[in-house]
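The residues making up each chain are set out below.
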Amino acid sequence: MKSLLTPSAVAIIGASNDETKLGGMLVKNMINAGFKGKLYPVNPKGGMIQGYKAYTSVTEIGEPVDLAVIAVKAALVPGEMANLGKAGIKYATILTAGFKEDSPEGAELEKKLKEEAKKNGVRFFGPNCFGNMNPGAGVNATFAHLLPKPGNITVFSQSGAVGSSIIDWAYRNQIGFANFITFGNKADIDEADLIEQVSRDPATKVIGMYCEGISNGEKFVKAIENMPVKKPIVIFKSGRTQAGSAAASSHTGSLAGSDAVNNVIFNKLNIHRALDLDEMFDALKVFSSYSSMDKDGIGIITNAGGLGVMSADATFEAPFIHAVKFSDETIKEIKTRVPSVAGLTNPIDVRGDAKPEYFREVIRILCKDPQVGGLVIMGSPLDTADLESVARILVEMKHEIPIPAVACFAGGYKCGKASDILRDGEFPCFDTPDRAVKALSILRKYTVRSEMKHDPLQIPAISGRNISEKIIKKAREEGRNSLSEAEGKEIFSAYGIPTPGEGTVRSADDAAVRCDQIGYPVVMKILSPDIKHKTDVGGVVIGVKNSQEARDAYNKIMDSCTSKVPGARIDGVSIQQMVSGQEVILSMIRDSQFGPVISFGLGGIYVEILREISQAHVPMTEQQLDEMIKTTKAYKLMSGARGLPEADIEALKDTIKRIVLIALENPEIHELEINPVIVGLKGKGCWAVDALVTLLKE
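For every chain, the first residue of its written sequence is number 1, and the numbers climb from 1 along that sequence. With the structure being a predicted model, the display of local features is reserved for residues of pLDDT at least 70 and the display and counting of side-chain atom pairs for 80 or more, all residues being used for whole-chain, interface and lining totals. In computing side-chain properties, one takes all heavy atoms of the structure into account and sets aside hydrogens as well as water.

(A) Broad picture of the overall build of the chain. Of regular secondary structure, the chain possesses 24 helices and 31 strands. Taken along the three principal axes of its C-alpha coordinates, the chain extends 95 × 75 × 40 Å. The cut-offs for exposure are 20% and 50% of the maximum accessible area for each residue type, with area from a 1.4 Å probe on protein chains only; residues under the lower value are buried, those over the upper are exposed, and the others partly exposed. Out of the 698 residues belonging to the chain, those deemed buried represent 57%. Considering only contacts within the chain whose residues lie at least 6 apart along the sequence, 72% involve residues at least 24 apart. Approximately 29600 Å² of the chain is accessible, and the part contributed by carbon and sulfur atoms is 50%. Counted as positive: Lys and Arg. Counted as negative: Asp and Glu, with His and the chain ends omitted from the count. Each charge is placed at NZ for Lys, CZ for Arg, CG for Asp and CD for Glu. Positive and negative charge centroids in the chain, built from 81 and 85 side chains respectively, lie 3 Å apart. A helix here means a DSSP run of H or I that spans at least four residues, while a strand means a run of E at least two residues long, and both kinds are numbered starting from the N terminus. Contacts are residue-level and defined by heavy atoms, with any inter-residue pair within 4.5 Å sufficient. The protein chains shown are the only cover counted for residues, whose accessible areas, like all others here, come from Shrake-Rupley with a 1.4 Å probe.

(B) Focus on a negative patch on the surface. Patch membership needs two things, relative accessible area over 30% and no salt bridge, and members are linked within 9 Å if like-charged or within 5 Å if nonpolar (Val, Leu, Ile, Met, Phe, Trp, Tyr). Any carboxyl oxygen of Asp or Glu that lies within 4 Å of a side-chain nitrogen of Lys or Arg is treated as forming a salt bridge with it. There is a patch of like negative charges on the surface, built from Glu101, Asp102, Glu105, Glu108 and Glu115. Its place among the elements puts Glu101 in the loop between strand E6 (91-94) and helix H4 (104-119). Overall, Glu101 belongs to the partly exposed group, its relative accessible area being 36%.

(C) Structural detail: the pairing of strand E26 (residues 582-591). The element E26 is largely enclosed, with a buried count of 8 among its 10 residues. Pairing between E26 and strand E29 (residues 669-679): 7 bridges, direction antiparallel. Paired with Gln582 across the bridge in E29 is Val679. Following E26, the chain reverses through 3 residues before pairing antiparallel with strand E27 (residues 595-602). Here a strand pair is declared whenever DSSP counts at least two bridges between the two strands.

(D) View of the packing of aromatic side chains. What counts as a ring pair is set by centres within 6.5 Å for rings of Phe, Tyr and Trp (its six-membered ring), and what kind of pair is set by the plane angle: stacked under 30 degrees, edge-to-face over 60, tilted for all other angles. The final tally for this structure, using the stated rule, is 9 aromatic pairs. When the centroid spacing of 5.5 Å and the interplanar angle of 65° are considered together, the rings of Tyr210 and Phe236 count as edge-to-face. Taken as a pair, Tyr210 in strand E12 (residues 206-211) and Phe236 in strand E13 (residues 233-237) lie far apart in primary sequence, 26 residues in all. Members of the aromatic cluster, joined through ring pairs, are Phe130, Phe143, Phe177 and Phe180. For the cation-ring pair, Lys285 lies above Phe430, with the distance from its terminal atom to the ring centre recorded as 4.6 Å. When the NZ atom of lysine or the CZ atom of arginine is within 6 Å of a ring's centre and also within 35 degrees of its normal, the charge is said to sit over that ring.

(E) Representation of the nonpolar core within the structure. The biggest cluster of nonpolar side chains holds 83 residues, and the ones touching the most others in it are Ile363, Leu375, Val376, Ile377, Leu394, Ile401 and Phe409. Discounting residues that sit within four places of it in the chain, Leu375 has contacts with Gly299, Ile363, Leu366, Cys367, Ile401, Ile403, Pro404, Ala405, Val406 and Leu440. Each nonpolar core is a collection of buried residues, namely Ala, Val, Leu, Ile, Met, Phe, Trp, Tyr and Cys, held together in the definition by side-chain atoms within 4.5 Å. Ranked by size, the runner-up nonpolar core spans 49 residues in total, among them Leu67, Tyr91, Phe156 and Met227.

(F) Molecular detail of the state of the cysteines. Any pair of cysteine sulfurs within 2.5 Å is marked as a disulfide. This model, assessed by the stated rule, comprises 0 disulfides. Here Cys367 stays unpaired: no disulfide links it, and the sulfur of Cys429, its closest cysteine neighbor, is 18 Å away. Among the cysteines around Cys561, which has no disulfide bond, Cys515 carries the closest sulfur, lying 16 Å off.

(G) Just the environment of Leu586, in detail. As for its placement among the helices and strands, Leu586 is situated in strand E26. Accessibility expressed as a relative area gives 0% for Leu586, which makes it buried. Considered as a pair, Leu586 and Phe600 are 14 residues apart in the sequence and their alpha carbons are 4.8 Å apart. Look past the residues within four positions of Leu586 in its chain and what remains in contact with it is Ser599, Phe600, Leu652, Thr655, Ile656, Ile659, Leu672, Glu673, Ile674 and Val677.

(H) Main features of helix H22 (residues 622-630). Taken together, the buried positions of H22 are occupied by Glu622, Gln623, Gln624, Leu625, Met628 and Ile629. In this fold, the buried residues of H22 make contact with helix H9 (258-268), E27, strand E28 (613-617), helix H23 (633-638) and helix H24 (649-665).

(I) Expanded view of the packing of helix H6 (residues 191-200) against helix H7 (residues 217-225). Orientation is described by axes fitted as lines to C-alpha atoms, over the contacting stretch for helices, and by angles from 0 to 180 degrees between their N-to-C directions. Contact geometry for H6 and H7: axes closest at 8 Å, N-to-C directions at 5°. When the axis of H6 is compared with that of H7, the two are roughly parallel. Taken together, the residues of H7 that come into contact with H6 (itself represented by Ala192, Asp193 and Ile195) are Lys219, Phe220, Ala223 and Ile224. Throughout, the ten residues Ala, Val, Leu, Ile, Met, Phe, Trp, Tyr, Cys and Pro are labelled nonpolar, Asp, Glu, Lys and Arg are labelled charged, and all others, Gly among them, are labelled polar. Looking at the contact of H6 with H7 residue by residue, the class counts come to 5 nonpolar, no polar and 2 charged. By definition in this entry, angles of less than 35 degrees are roughly parallel, angles greater than 145 are roughly antiparallel, angles of 65 to 115 are roughly perpendicular, and the rest are oblique.

(J) View of the confidence of the model for the chain. Across the chain, each position has a pLDDT score giving the predictor's confidence in that residue, from 0 to 100. On average, residues of the chain score 92 in pLDDT, and 96% of them are at 70 or above. Overall, residues 243-257 carries pLDDT values under 50, and its contacts beyond four positions in sequence, including any with other chains, amount to 42 contacts.

(K) Unusual backbone geometry, seen in detail. In this chain, Gly126 is followed by Pro127 through a cis amide linkage whose omega measures 0°. Counting through the fold element by element, Pro127 comes out in the loop between strand E7 (123-125) and strand E8 (131-134). The peptide bond linking Tyr520 to Pro521 adopts the cis configuration, its omega dihedral lying at -5°. One can find Pro521 in the loop between helix H19 (508-518) and strand E23 (522-527). Located in the positive-phi region is Asn128, a residue other than glycine, with phi close to 60°. With respect to the helices, strands and loops of the structure, Asn128 is situated in the loop between E7 and E8. Residue Asn128 is classed as partly exposed on the basis of its relative accessible area, which comes to 29%. The backbone of Asn270 shows a phi angle near 60°, a positive value even though the residue is not glycine. Counting through the fold element by element, Asn270 comes out in the loop between H9 and strand E14 (271-273).

(L) Representation of the side chain of Arg449 within the structure. With respect to the helices and strands, Arg449 occurs in helix H16 (residues 433-450). Side-chain polar atoms of Arg449 contact the side chain of Glu627, separated by 2.6 Å. Under this definition, polar contacts are N or O atom pairs within 3.5 Å; protein pairs additionally need one hydrogen-donor-capable and one acceptor-capable atom, and for neighbouring residues in sequence, both atoms have to be side-chain atoms.

(M) Focus on the sheet that holds strand E22 (residues 502-505). Across the sheet, 4 strands lie side by side as E22-E25-E23-E24; this open sheet has antiparallel pairing. This sheet does not close on itself; its edge strands, each paired only once, are E22 and strand E24 (540-544). On average, each strand axis in the sheet is tilted by 20° relative to the strand beside it, whichever way the strands run. Looking at chain direction, E23 and strand E25 (residues 572-577) are connected through 6 bridges and run antiparallel. Paired with Met524 across the two strands is Ile575, which belongs to E25. Helix H18 (residues 485-494) rests against E22, E23 and E25 of the sheet, and its axis sits at about 115° to E23. Sheet strands touched by H19: E22, E23 and E25. Its angle to E22, the strand with the most contacts, is close to 170°.

Here it is in structure tokens:
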């Protein structure tokens, strides 16, 4: 697709001499961009358009064309695909609106467009897109007249309006683009289709994405995992508040809606998710300047104590960096070289009336400190401060500084010229101390996660598919999308997941006999595919200690459930041996876009109260499994914190691996939840005490 992004010959279908019309804007913008290739305006009237010969159809051009930019009425677009096929044009950008985003009729027209494009071998952006740019190649096939300078950032945007904002930001801040690409309705080409090419592009150092939805999750994941040249990706994914979990019936399902799954995927792929445009711009800026940050300690230089305090607070909150304690040699040298220094701890306060050269001296000294991996240089617009001279020094030193360095001149009017000097010199500067610090934390996070090992998950060599398939088939034949607890546990057993001793009874006397056989204490629970949360309807009694209590508990459960859930199918009462240990929750939910996601956290009632779960996407690595477990409060409780006994974390890992296997072998399962899993003491194992399994709707 190289010719799609770097065309040497472009046809504009719908071209016009009227620069207020879209077709006229496109021709004008290509001319103003300095396009050195061949430009072919296409208009049924022919003639001359803005100094170029116009053709009545692309079929008349008679020379190779790399890219067709289409700006005609929606009804005419499908027909143009046939013309492109006849002319041998393989790529198109369709700016025309009026398709699926507009009406049901538009959706049908878009379907026809896709059919015609496929039939004629045409790949295309859009429809309803903003166009694309390649400043280095003089390409501006958009209806934005501003063209950022050539640079090393490639931006993908689903939205034209947001794309316009990104262009405006880049132009104002002297940020250069390698490519700017919009996708509109994504009827054909999407982000995943371009990842390989952009990753190979020597002009691209970082990829930024704005998207409202990822149309093919599996394709997206594979494209990024298989990038031939790994490059940082920053994504601003909107729609965070649309949890998408209304159909989830499990506890974790309700907490782990579609947006939470996006976070899991981005974390797995080492994509930085920006929560707003400012954060997206900041991340792109720092990645544009630096490829990595190899140490997590930062040094802070300021001419104002207050800014230093603000930056120190920001480093405390930043998860991947910290303000270092300087070595004695570093402090001694600063005192010698900068006699007016006011503060020698980190931050280094050179005072408001410091000579600009003092910044140069301190920077050179801190770069030699073995703990310092990055620098934050800040200035306040005091009347005694010469920030413009400081800015010039930073630009001069840019290639001398061996570690990532960012600046923040905190102010407005009086900082304007100094900040412009930094922008013109491509020295990354930020408006506030916390944004400067956070940018380095983002860079350090990318570096750390890039260095992580990726050992494949060692899944037990066992298959329970023969048993699970029969259970699922039976449920389907009975018109059920939910399995009973007993059916769920039968699947667990087939995959080697331990469960406590148990039995099923259908009378109070049978309950007393079976409890005697299992041994006390026991827990008794209603068995019903129609009752998912048993505790809510009085379907659970714990701590049953003798046969009489067993009879009473059976009657109590049956009376409560039949009155609170009339008409529910009742299969009996489950009796389970009570086991002791840490309660955790494990679940799997099959996301419609990305597939299985495993969740882990504190179990029992705490999953709803604390709402803390950690997740990992399947397939996962051994390191991702460890990370999912160790980033939770549950792990702190199980790992011996504050003198607590250690739990059997290895047995827990084994159970998670078996859940992964269930997810991989049983694509019919939508949700699977065990709440709780009881994790015994180290070396004692763990047990699945409950089972909630739902199937995908047919």
